[in-house]
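Residue strings, one per chain:
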Amino acid sequence: MRPPAPSGKGRGGASAFSEDREDTACRSELLHILGVGLAFGSVLMALVWLPFGFRLGALIEAWNVLGHFAREGVFYIAGPETPLQHHSMRPLTVFPHALAFALDNDGFLAWHLILIAAFLAKFGAMAAIGWRLSGSPVLSLWFGATAILYPADTMQFAFRSFHIEVALALLLVAVTMFLAALDAARRPAIRGLLSGLSALLALLACLMYETSLFLLPMPFLLDFARHGLSSALRQLRGNWLPWLLWTGAFAVSAIYMVVVWWQGGTYQSTVVGIDRTAVDALMGRLPELFRIGLLRALVGGWWDAVGIVRFELRSVVYPALATLILAVGLLVARGPSVRQTSNGQDRFSAIVLWRWTAAGLVLAALGYVPYLASTFHLQTTQRTYIYASPGAALVWLAALALLSRIARPVMMGVVTASLFLALTFQLFQFHHYQGIFERQRLLLSAIVAKLGPDPGDGPIVVKDRTATLIGPWIFATNLYQALSYLYDRPIEIAEACLVPDGVWPRTDRFGRTGTCRETPRYWLFEPLPPLAADGEQGVSRMILKARARTITIDDLAETPRTIAQDNANSPDSAFHRRVQSILSEPSWPPFDLKMFDPLDPVEPPQSYRWDFGRWWDFETPLRGFGWWYTAWSLDLFDNVSVAWQNRPKAEIVFALDPVKDRDYLLTARIQQFASKEAEASLEVSVNGHPVDATLTADLMLSGRVSGRFLKRGTNILVFSNFAPTNPAGLLMLLDWVEIGPNGVR
């Protein structure tokens, strides 16, 4: 029977709990795990980055930030007087970008190093938390590895989530420091220092990304997981100073955010709103916390990881070798586990593991619940699971600890298999965003090759014959920001026109691209007429040709001319350095590991298949136009991506190397039509030649394409439909399309 705890204030007295915290063996093993953990985490980061190097660059918002730095100068706080005033509710959101730019303003090396440092900080904090709970070196390192590898979020390595990763790293380090402050009850100076530092880091994390606010109870939940509710409550009462500083940091952040949010004009108030209906909408979406959020965090990501291994992984050599290295590291670190606390309590007893599970579920829910405020965020896995992952990993840590009690060798096998799955998932994610950036690089290279070292002082118009410069991933609205950064000078206007179809890539609120046309005197860019469901007329733009630089992009294989030719008078200019650093041909890796198929193969394939994304929110930028944003079915085990046709003419541009003297079969899966008229009016053509396609009752479309109509290189598939649209401008919902010699899906 457990003896009653002696009197004393909290765990700072001579209680069994203070003995537990100062257990000599535990501290000795902690030093061991810290040393091994540093080496293990460093090797893990090297294994993730090794196949890709530091070539990944800016995407979407990161280009906007760089453009602002080039146009308005560097700023570290997103305040009301800055270009990012709509982010003033999270004033430190731009700080990591500004720091990286200050360290390396001509490339992305510093961005990578800061992101790696954030991942290592997350790893160290999670490993320390895992050690406090489990006393097992293997489980501690596995728990730390999940800070980098956990397969749930799909935007960990893209610099779109740069500030989010840094914010979570600050918060997890703050939690670790806070728990260490509780351990230092007998050393007031150290306790006060750690308490102050943890509160400061928590404050910075909250002001960098507001989701941090929701993890306020994380230290309490971790203490509950380790010691139980009564002990956690006694600790809460007996350690008033650390808790006062901790809650004070969160309270200051919350008050600041509420004041800014209520004033309106912020990103959050635009997405969520500031009235009672916003709260009602949030409450109405609470069931989605379980149907979508927790299911994805706990199971869905792992399911996708299995699918990526089965269907995307082309060569298992590198992931298997990397996993083997990690497994050896775990064996080296294995050592003796501290299975019991000093008061004799089994760390892996059923009641303790149930507490771990409960704490993990609550933490995962808290990390996801802010995104219930927006229906858009429910549809995405990009950034929305970064804060939910630590809690979900804690649930699985409890499962592994239970398995360790039953059969330790089996547990080691499961740990190794989970590392293989998670590592492959993240390597695929890195590869995915690297492929998107590579397409950006080729496009920017072609533009810079035409503009030369001096883009001029007027507007820039890009006539794009490749149907590439479209969509949020490929500069539909922020080309001027990317060019401002590359040329290190303000470029106010840079618009694209997809020719010969006259498509303006900018979209209205229904995802409809506009129109563009060239006259002898000017360029005219216009949105489509307003819809019955909207009524708002977009803004047109007229650009005088006499003031503009007009260039034509025919081929993405074009590259910038050498700086020696283009910029001979200023070879050390920012333009020179940025072109060399960002747009030059990648030199790493020295050989192709062939883990996954490239986004844009050098040699076109003999068959082609398009869907709008195979794994939830790993969306591939489309070459073409006439499609609304990708939507997902949100089925846990079969996340189907679809997109609505929202123009009478919708194109898909693809590369092909057709088999000689063979006809092809075109097959498409259509989910639904907006009307019977839209179904009856559908026409399909390839390279301008009509396809005699038939539509079955279950909306499978198929038709023969003569091999004479296909060509090596660029081909164009067109869906034409001139039926009246529905009030939202929609015609047909497409799932996937394939064209191949056998027509096999």
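Please refer to the structure higher up on the page.
Residues numbered from 1 in each chain as written. Predicted model: local features only at pLDDT ≥ 70, side-chain atom pairs only at ≥ 80, totals over all residues. Heavy atoms only, no water.

1. Brief notes about the pattern of salt bridges
Applicable threshold: Throughout this description, the term salt bridge denotes a Lys or Arg side-chain nitrogen within 4 Å of a carboxyl oxygen of Asp or Glu. In DSSP terms, a helix is any run of H or I states spanning at least four residues, a strand is any run of E spanning at least two, and both are numbered starting from the N terminus. Each residue's exposure class comes from its accessible area (1.4 Å probe, protein chains only) as a fraction of the maximum for that residue type: buried when under 20%, exposed when over 50%, partly exposed otherwise.
For the coordinates displayed, the defined rule picks out 30 salt bridges. Of the charged contacts in the structure, one is a salt bridge between Arg489 and Asp457, with a shortest N-O distance of 2.7 Å. Here Asp457 lies in the loop between helix H19 (408–451) and strand E1 (460–464) and Arg489 lies in the loop between helix H20 (479–487) and strand E2 (494–498), a separation of 32 residues in the sequence. Its relative accessible area of 24% is what places Arg489 among the partly exposed residues. Across the pair Arg712 and Glu603 runs a salt bridge, and its minimum N-O distance is 2.8 Å.

2. Considerations on the packing of aromatic side chains
Quick reminder of the rule: In summary, the pairing rule links any two rings of Phe, Tyr or Trp, Trp by its six-membered ring, whose centres are within 6.5 Å, and it sorts them by plane angle into stacked for under 30 degrees, edge-to-face for over 60 and tilted for everything else.
All told, the structure shown has 43 aromatic pairs when counted by the stated rule. Centroid distance Tyr209 to Tyr387: 5.8 Å. Interplanar angle 35 degrees. Geometry classified as tilted. A residue pair is termed long-range when its members are at least 10 positions apart, and Tyr209 in the loop between helix H8 (188–208) and helix H9 (218–227) and Tyr387 in the loop between helix H17 (375–378) and helix H18 (389–406) qualify at 178 residues. Judged on exposure class, the residue Tyr209 and its partner Tyr387 are both buried. Look at Trp627 and Phe719: their rings are 5.8 Å apart centre to centre, the planes differ by 80 degrees, and that puts the pair in the edge-to-face class. Taken together, the positions of Trp627 in the loop between strand E9 (624–625) and strand E10 (631–632) and Phe719 in strand E17 (residues 713–720) put the pair 92 residues apart, joining distant regions of the chain. Each of the two residues, Trp627 as well as Phe719, counts as buried.

3. Section: the pairing of strand E11 (residues 641–645)
This is how it is decided: Between any two strands, pairing holds if DSSP finds at least two bridges.
With five of five residues buried, E11 lies mostly within the body of the structure. Alignment of E10 against E11, held across two bridges, turns out to be antiparallel. Across the sheet, Trp632 pairs through a bridge with Ser641, a residue of E11. When E11 meets strand E18 (residues 732–740), the two strands line up antiparallel, connected through three bridges. Pairing of Trp644 across the sheet is with Leu733, part of E18.

4. Topic: a nonpolar patch on the surface
Our working rule: The patches reported here contain residues having more than 30% relative accessible area and no salt bridge. Joining distances are 9 Å for like charges and 5 Å for nonpolar side chains (Val, Leu, Ile, Met, Phe, Trp, Tyr). Note on areas: Shrake-Rupley with a 1.4 Å probe; residue coverage comes only from the protein chains shown.
Taken together, Val43, Leu321, Leu324, Ile325, Val328 and Val332 make up a surface patch of nonpolar side chains, about 520 Å² in accessible area. Among the structural elements, Ile325 can be located in helix H15 (residues 317–333).

5. As for the nonpolar core
Short version of the rule: Joining through side-chain atoms within 4.5 Å is the link that ties buried Ala, Val, Leu, Ile, Met, Phe, Trp, Tyr and Cys residues into a set, and such a set is a nonpolar core.
If you look at the biggest cluster of nonpolar residues, it comprises 178 residues, and the most contacted ones within it are Trp63, Trp356, Ile447 and Leu483. Ranked by size, the runner-up nonpolar core spans 32 residues in total, among them Trp627, Tyr664, Ile670 and Val684.

6. Considerations on the packing of H8 against helix H11 (residues 240–263)
The test is simple: Fitting a line to C-alpha atoms yields each axis, with helices limited to the stretch in contact; the angle taken between N-to-C directions then spans 0 to 180 degrees. Comment on the angle field: the value is read as roughly parallel under 35 degrees, roughly antiparallel over 145, roughly perpendicular from 65 to 115, and oblique elsewhere. When the near helix sits turned anticlockwise from the far one by under a right angle, the crossing is termed left-handed; a clockwise turn instead gives a right-handed crossing. Here, residues are in contact when the closest pair of their heavy atoms is within 4.5 Å. Only Asp, Glu, Lys and Arg are considered charged in this grouping, and only Ala, Val, Leu, Ile, Met, Phe, Trp, Tyr, Cys and Pro are considered nonpolar; every other residue, Gly among them, is considered polar.
Direction vectors running N to C along H8 and H11 enclose 20 degrees, while the axes themselves pass 8 Å from each other. Relative to H11, the element H8 is oriented roughly parallel. Helix-helix and strand crossings are classified by hand; for H8 and H11 the assignment is right-handed. Residues Arg191, Ser195, Gly196, Ser198, Ala199, Ala202, Leu203, Cys206 and Leu207 of H8 form the contact with H11, whose participating residues are Pro242, Leu245, Trp246, Ala249, Phe250, Val252, Ser253, Tyr256 and Met257. Class assignment of the residues belonging to the contact of H8 with H11 gives a composition of 13 nonpolar, four polar and one charged.

7. Quick notes on the environment of Phe108
Inspection of the secondary structure puts Phe108 in the loop between helix H4 (95–103) and helix H5 (109–134). When the C-alpha atoms of Phe108 and Ala58 are compared, they prove to be 8.0 Å apart, with 50 residues separating the residues in sequence.

8. Focus on unusual backbone geometry
Peptide bonds are, in most cases, trans, and in most cases residues other than glycine have a negative phi. Omega for the peptide link from Val499 to Pro500 comes to 10 degrees, which places this bond in the cis form. Mapped onto the fold, Pro500 is located in the loop between E2 and strand E3 (503–507). The step from Trp588 to Pro589 runs through a cis peptide bond, and the omega angle for that step is 0 degrees. With respect to the secondary-structure elements, Pro589 resides in the loop between helix H22 (574–583) and strand E8 (608–611). Of note, the phi angle at Asn687 is positive, near 55 degrees, even though the residue is not glycine. Note on placement: Asn687 falls in the loop between strand E14 (683–686) and strand E15 (689–695). For Leu699, which is not a glycine, the phi torsion comes out positive at approximately 65 degrees.

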